[in-house]
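Residue strings, one per chain:
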Amino acid sequence: MAGAEQSMSFDVAAVRRQFPILSQIIDGQPVHYLDNGASAQTPDAVLDAVRTYETTSRANVLRGVHRLAERATEAYENARIEVANFLSVDPMEVVFTGGCTAAINLVAYSYGSLLKPGDRIILSELEHHSNIVPWQLLRQRSGIEIDVVPVTVNGRIDLNALPRLLTSRTKLISLAHVSNVTGTLVDVHAVVTLAKTVGAKVMLDGAQRVPHGPVDLSAMGIDFYAFAGHKAYGPNGIGVLWAKAEHLEAMPPFHGGGSMIGRVTFTETTWAPPPRRFEAGTPPIGPAIGLGAACRWMRTLDWKEAHAHEMALVERLMDGLQKIDGATLFGPGSTQNRYPVVSFLLEGVHPHDVAQTLDSFGVAVRAGHHCCQPLMDRFDLDGTTRVSIAPYNDNTDIDALLTGVQHAARTLR
Amino acid sequence: MTDQLYQDRIVALAKAKTGAGKLATPTKSARRDNPLCGDRVVVDVKLDEGGKIAEIAHQVRGCLLCQASASALASVAVGRDAAGIEKVRLDAERAIGREEGEAGEPFAAFAPVKAHKSRHECVLLPFEALKEALS
């Protein structure tokens, strides 16, 4: 069992204690939260950081000269440094956005405006709608073309199919770092190597990867990376776009307003240098500070142990599902090259009815198309039931889920 | 377990699959999707000369609640026109607490859905498809 031995030394109870929401009892039941891929829970460290800002330093950033404004600005910029440390990049390459979707839209709009009609972008069949629709909007605006890499029956992006999609007009390959449906990890090295053969840039949607530990972007050779705060133990309303400095320098603004300017006149306006060029108006200051705290908190965990713990739970889940008549996994059946997001089907029971039944057992999961309708269409599925695991989950969460699935199998078909 | 949304009567309605399938020569047909959850209902109707439903069939790609609602609707639709279907819808809306009053059968069976607002649309989607087919 991959990593099960290492997980023995991971103190999951100590991690759980840091998440006050998990100690709740709702309708007489403990909270078995397995919907982390939608939104993860938030530890005291993040709640404390936001509260400290709101109660000791709340003010607008960058413009004020008073002490609260100075404190707020320092906390906001320190959060940028925390994020940069988490990603092993320069803080000046970190742009705070409203979320992961906002970050991808920023690239699609701003970098996209540098593309010409007939230029091509490659996506995959398993992308979240947030990594499809912004490019379709760009296609409408600019006349670019979109090519789609298929997925294998195991729910992995079929990189064998990628070379034949590459052309001299391919400017960008934008893929999920980790699938929000199957948990599969894309082979970044292979993608970057292939992209370089035609000079294409690479963007990764890191929404499902970042909640599972630091990412060394400096070693990956990619160009753009996006993720959301609320899936990474931080607040809602904050996300991050990282891009190489040379790209940010070349990109025009997305939104216009305060903070993102150099000098404004009615005849001409100049832009601030990145990252402020892309942070028009008052940014989400408290959420950014919370996200900085979340990145700092994540770096306090031993992720070798935490990941082994998460994958031991995936094994427990997969073993249990295989013993339930009519339950089948959608996606890889192993723990290799994947993260702890597991989709399954229960024959004769709609995923929403599985999820609703699980709720009555105190188990929170997500069911449906997971904002991946093209992937569902590819496999002719109504949807799946998705279990997404975080380091604070334990065996009781998995066992409660398996009990609920057994109940659904008994009563709903 | 904390509640009993899937009570025997709702499960029985879904399993009955009343009206499930297609009509060979429908007078009208309509499809409605719920973009949030992906549920899809296609309703075929054959109308008589007075505009009343003579035959009805439905194809549901959706959850048990949606299947049960389509089945219940098909069981009472024949002989009704658009206004008559609106009266049935009132029963459904009463059952799930969107309207005041006591729900008539067979939609009284949907009373357990009242507490689950996120599932109300599952019950109403077949009505939306039928309304469009009758429009």
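Analysis parameters
Residues numbered from 1 in each chain as written. Chains lettered and ligands numbered in written order. Predicted model: local features only at pLDDT ≥ 70, side-chain atom pairs only at ≥ 80, totals over all residues. Heavy atoms only, no water. Salt bridge = Lys/Arg side-chain N within 4 Å of Asp/Glu carboxyl O. Helix = DSSP H or I, 4+ residues; strand = E, 2+ residues; numbered from the N terminus. Buried < 20%, exposed > 50% of the residue type's maximum accessible area, 1.4 Å probe, protein only. Contact = heavy atoms within 4.5 Å. Buried area = accessible area lost by both parts, 1.4 Å probe. Domains from an automatic or database assignment. Polar contact = N/O pair within 3.5 Å; in protein donor to acceptor, adjacent residues only side chain to side chain. Nonpolar A, V, L, I, M, F, W, Y, C, P; charged D, E, K, R; others polar. Pairing = 2+ DSSP bridges. Axes fitted to C-alpha atoms, helices over the stretch in contact; angles between N-to-C directions. Core = buried A, V, L, I, M, F, W, Y, C linked by side-chain atoms within 4.5 Å. Expected span 1.5 Å × (residues − 1). Right-handed = clockwise from strand over helix to strand, strands pointing away.

Caption draft 1: Looking closely at the pattern of salt bridges. Residues and elements named next belong to chain B. Scanning the model with the defined rule gives 26 salt bridges over all chains in all. For the salt bridge of arginine 89 with glutamate 93, the shortest nitrogen-to-oxygen distance reads 2.7 Å. Of this pair, arginine 89 and glutamate 93 both sit in helix 3 (residues 82-95), 4 residues apart, roughly one helical turn. Residues arginine 89 and glutamate 93 agree in their burial class; the two are buried. A salt bridge links glutamate 128 to arginine 89; the shortest N-O distance between them is 2.8 Å.

Caption draft 2: The arrangement of the interface of chain A and chain B in detail. Contacts between chain A and chain B engage 20 residues on the former and 19 residues on the latter. Here chain A and chain B share an interface that buries about 1500 Å² over both sides, 49% of which is from carbon and sulfur atoms. Our count for the chain A to chain B interface comes out at 3 salt bridges. A salt bridge links aspartate 353 of chain A to arginine 119 of chain B, with the shortest nitrogen-to-oxygen separation between them at 3.1 Å.

Caption draft 3: Layout of the environment of leucine 65 of chain B. Note that leucine 65 of chain B resides in helix 2 (residues 64-77). On the basis of relative accessibility, which here comes to 0%, the residue leucine 65 of chain B falls in the buried class. Once the C-alpha coordinates of leucine 65 of chain B and glutamate 55 of chain B are considered, the two residues, 10 residues apart in sequence, prove to be 22 Å apart. If near-sequence neighbours (up to four positions away) are discounted, leucine 65 of chain B is found in contact with Asp353 of chain A together with Leu5, Tyr6, Ile10, Phe110, Val113, Arg119 and Cys122 of chain B.

Caption draft 4: Here's a closer look at the domain arrangement of chain A. Residue and element names in this part refer to chain A. Domain boundaries in chain A define domain 1 (4-30 + 302-411) and domain 2 (47-298). One C-alpha centre belongs to domain 1, the other to domain 2; they are set 28 Å apart. Contacts between domain 1 and domain 2 engage 33 residues on the former and 29 residues on the latter. Regarding the contact of domain 1 and domain 2, the summed buried area is about 2500 Å², with carbon and sulfur atoms giving 62% of it. When the shortest N-O distance is used, the salt bridge between arginine 378 and glutamate 125 registers 3.5 Å. At the boundary of domain 1 and domain 2, one finds 17 residue pairs in polar contact (both at pLDDT 80 or more). Every element with two or more residues in the side of domain 1 that touches domain 2 is listed here: helix 10 (303-322), strand 14 (341-346), helix 12 (373-378) and strand 17 (384-388). Its residues assigned to classes, the side of domain 1 that touches domain 2 comprises 20 nonpolar, 9 polar and 4 charged.

Caption draft 5: Representation of the sheet that holds strand 5 (residues 120-124) of chain A within the structure. Residues and elements named next belong to chain A. The strand order 4-10-9-8-7-5-6 describes an open sheet built from 7 strands, whose pairing is mixed. Among the strands making up the open sheet, the edge pair consists of strand 4 (94-97) and strand 6 (145-149). In this sheet, adjacent strand axes meet at a mean angle of 20 degrees when their direction is disregarded. As paired strands, strand 5 and strand 7 (residues 170-176) are joined by 3 bridges and run parallel to one another. Each bridged residue has a counterpart across the sheet, and for isoleucine 122 the counterpart in strand 7 is isoleucine 173. Packed onto the sheet, helix 4 (residues 67-87) meets strand 4, strand 9 (224-228) and strand 10 (239-243) and runs at close to 115 degrees relative to strand 4.

Caption draft 6: How the structure looks around the nonpolar core. Core analysis: the biggest nonpolar cluster contains 79 residues, and Leu87, Ile222 and Tyr233 of chain A have the highest contact counts within it. The residue makeup of this core includes at least three contributed by each of domain 1 (4-30 + 302-411) and domain 2 (47-298) of chain A. Not counting residues within four places of it along the chain, the set of residues in contact with isoleucine 222 of chain A comprises Val188, Val192, Val202, Leu204, Leu217, Trp242 and Lys244 of chain A. Residues Met311 and Ala409 of chain A together with Ala14 and Ala95 of chain B belong to the second largest nonpolar core, which totals 71 residues.

Caption draft 7: Summary view of helix 9 (residues 285-298) of chain A. All names here are of chain A. Here helix 9 spans 20 Å end to end across 14 residues, near enough to the 20 Å set by a 1.5 Å rise per residue. Within helix 9, 12 of the 14 residues are buried, leaving the element largely enclosed by the surrounding structure. When helix 9 is considered as a whole, its buried residues turn out to be Ile285, Gly286, Ala288, Ile289, Gly290, Leu291, Gly292, Ala293, Ala294, Cys295, Trp297 and Met298.

Caption draft 8: A look at the pairing of strand 5 of chain A. Residues and elements named next belong to chain A. Within strand 5, 4 of the 5 residues are buried, which leaves the element mostly enclosed by the surrounding structure. The pairing of strand 5 with strand 6 spans 5 bridges and is parallel. Considered in strand 6, the bridge of serine 124 is made with valine 149. Handedness of the crossover joining strand 5 and strand 6 through helix 6 (residues 133-142) is recorded here as right-handed.

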